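Descriptive structure summary
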Amino acid sequence: MPLLSELTAAVAAGKRADTVRITEELLAAGTGPQAIVEEGLVPGMAIVGDQFKRNEIFVPEMLVAARAMKEALKLLEPLLASAGIKPKYTAVIGTVQGDLHDIGKNLISMMWRGANFAVVDLGTNVPPERYVAAAKEHNANVIGLSALLTTTMPAMKETVRQLKAAGLTNAKVMVGGAPITQAFADEIGADGYAADAGSAVDIAKKLMGEAA
Ligand code: B1M
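**Brief notes about the pairing of strand E1 (residues 89-95)**
In summary, the side chains of a regular strand alternate between the two faces of the sheet. A large share of E1 lies buried, amounting to seven of its seven residues. Bridge count for E1 against strand E2 (residues 117-121) is five bridges, and the pairing is parallel. Paired with Tyr89 across the bridge in E2 is Phe117. In this structure, E1 lies alongside strand E3 (residues 142-146), joined through five bridges in parallel fashion. Opposite Ile93, over in E3, you have Gly144 as the bridge partner.

**A look at the site of the ligand**
Around the ligand lies a shell of 26 residues, among which Leu100, His101, Asp102, Ser146 and Thr150 are the nearest. Between a nitrogen atom of the ligand and a side-chain N or O atom of Asp102, the distance comes to 2.7 Å. In this structure, Ala178 approaches the ligand through a main-chain N or O atom, which is 3.2 Å from an oxygen atom. Broken down by secondary-structure element, the contributors of at least two residues to the shell around the ligand are helix H5 (103-114), E3 and strand E4 (172-176). Classifying every residue of the shell around the ligand by side-chain character gives 15 nonpolar, eight polar and three charged.

**Topic: the domain arrangement of the chain**
Domain boundaries assigned for the chain yield domain 1 (2-82) and domain 2 (89-207). When each unit is reduced to the centre of its C-alpha atoms, the spacing between domain 1 and domain 2 is 25 Å. Facing the 13 residues of domain 1 at the interface are twelve residues of domain 2. Of the roughly 1,100 Å² buried where domain 1 meets domain 2, counting both sides, 77% is carbon and sulfur surface. Of all residues in domain 1, Met45, Lys53 and Met62 bury the most surface against domain 2, accounting for 37% of the area lost on that side. Our count for the contact surface shared by domain 1 and domain 2 stands at one salt bridge. One salt bridge in this structure joins Asp202 and Lys53, with 2.6 Å as the shortest N-O distance.

**Some points on the packing of helix H3 (residues 33-53) against helix H4 (residues 59-82)**
As a packed pair, H3 and H4 sit with axes 11 Å apart at the nearest point and diverge in direction by 170°. Judged by the angle between their axes, H3 and H4 are roughly antiparallel. From H3, Pro33, Gln34, Ile36, Val37, Leu41, Met45, Val48 and Phe52 reach across to H4, where they touch Val59, Met62, Ala65, Ala66, Met69, Ala72, Leu73, Leu76, Leu79 and Leu80. Looking at the contact of H3 with H4 residue by residue, the class counts come to 17 nonpolar, one polar and no charged.

**What to know about the packing of aromatic side chains**
Tallied over the entire structure, the rule returns two aromatic pairs. Between the aromatic rings of Tyr89 and Phe117, the centroid separation amounts to 5.5 Å while the plane-to-plane angle is 35°, which identifies the pairing as tilted. Linking Tyr89 in strand E1 with Phe117 in strand E2, this pair joins segments that are 28 residues apart in sequence. Assessed through its relative accessible area of 15%, Tyr89 is described here as buried. The interplanar angle of 25° and the centroid separation of 6.3 Å between the aromatic rings of Trp112 and Phe117 together place this pair among those described as stacked. Each of the two residues, Trp112 as well as Phe117, counts as buried. Put simply, the rings of Tyr89, Trp112 and Phe117 pair up and form one aromatic cluster.

**Looking at the nonpolar core**
By size, the foremost hydrophobic cluster in this structure holds 42 residues, and its most contacted members are Leu41, Trp112, Phe117 and Met174. For this core, the secondary structure elements donating two or more residues are helix H1 (3-12), helix H2 (16-28), H3, H4, E1, H5, E2 and helix H9 (197-207). It is H4 that contributes the most residues to this core, nine residues altogether. Mapping this core onto the domain boundaries places at least three of its residues in each of domain 1 (2-82) and domain 2 (89-207).

**Let's talk about the environment of Lys53**
Mapping Lys53 onto the fold places it in helix H3. In the structure, Lys53 is positioned 142 residues away from Ala195 in sequence and 9.2 Å away in space, judged by C-alpha atoms. Beyond its immediate sequence surroundings of up to four residues, Lys53 is in contact with Asp196, Gly198, Ser199 and Asp202.

Definitions and limits used
- Residues numbered from 1 in each chain as written.
- Predicted model: local features only at pLDDT ≥ 70, side-chain atom pairs only at ≥ 80, totals over all residues.
- Heavy atoms only, no water.
- Buried < 20%, exposed > 50% of the residue type's maximum accessible area, 1.4 Å probe, protein only.
- Helix = DSSP H or I, 4+ residues; strand = E, 2+ residues; numbered from the N terminus.
- Pairing = 2+ DSSP bridges.
- Near = heavy atom within 4 Å.
- Polar contact = N/O pair within 3.5 Å; in protein donor to acceptor, adjacent residues only side chain to side chain.
- Nonpolar A, V, L, I, M, F, W, Y, C, P; charged D, E, K, R; others polar.
- Domains from an automatic or database assignment.
- Contact = heavy atoms within 4.5 Å.
- Buried area = accessible area lost by both parts, 1.4 Å probe.
- Salt bridge = Lys/Arg side-chain N within 4 Å of Asp/Glu carboxyl O.
- Axes fitted to C-alpha atoms, helices over the stretch in contact; angles between N-to-C directions.
- Parallel < 35°, antiparallel > 145°, perpendicular 65-115°, else oblique.
- Phe/Tyr/Trp six-rings, centres within 6.5 Å; stacked < 30°, edge-to-face > 60°.
- Core = buried A, V, L, I, M, F, W, Y, C linked by side-chain atoms within 4.5 Å.

Shown next, in the form of structure tokens:
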């Protein structure tokens, strides 16, 4: 199997040591860091996202794969930065005000990073004003809101309202979390809704006008 395909398989299987070793071998063989990301690592996370959507794997496997990818990215990020290669899109993400759940939000961040989005993670309990300020500061293309409690759904609604009122014409607002539905997303005026981390990548890409 060519090395890039081996890398894809290693990430998808969450084999951290193999992922790092193959990344090092590819670099030593002269493969560019961008090709390693786009043709090796990202397809691995795409496989994981699809398996997750089909309930073939669960959160622990997804986290293990994401960690393997993160280790490889540690090697590549300085090279990508020095070559001036930047991710195409920037996403700002956080869990809405009053809500401290972050496991789902962290998964979405990892998957977006895996799809080559630059991700600014605002953490949990994020007030609407912070989303607005961060979206402006980073010129975000996607703003992701996560909520796990029915009691924090109004905070999500208020955040979407403030983001829309701020006139961020460049940015699409995406929402998700266990109590969130497409109907609620439509009701509060969000641009996109994803039920899980796998479809969160597809939806974000669609919002950017790209094929999922
Ligand atoms: Co909390 N909790 N919790 N909790 N907790 C739930 C959510 C609950 C359903 C449990 C229950 O009663 N059955 C319930 C909510 C009930 C409701 O509102 N209807 C609940 C409650 C009540 C509470 C407290 C109020 C409990 C208390 O103190 N009395 C409290 C609230 C604290 C607060 O936030 N202010 C609380 C606290 C906690 C812990 C701190 C103990 C811990 C959180 C730890 C952490 O996140 N660091 C915790 C946990 C772990 C859970 C459960 C057990 C698991 C949540 C989780 O991480 N799931 C949860 C019950 C459950 O879901 N089975 C529960 C795994 C995660 C991968 O899934 O986050 O849904 P999820 O993310 C998914 C999708 O939703 C989606 O993609 C992810 C991957 O597929 N998604 C997005 C998420 N965000 C997205 C954003 C997107 C797109 C998709 O676009 C931007």
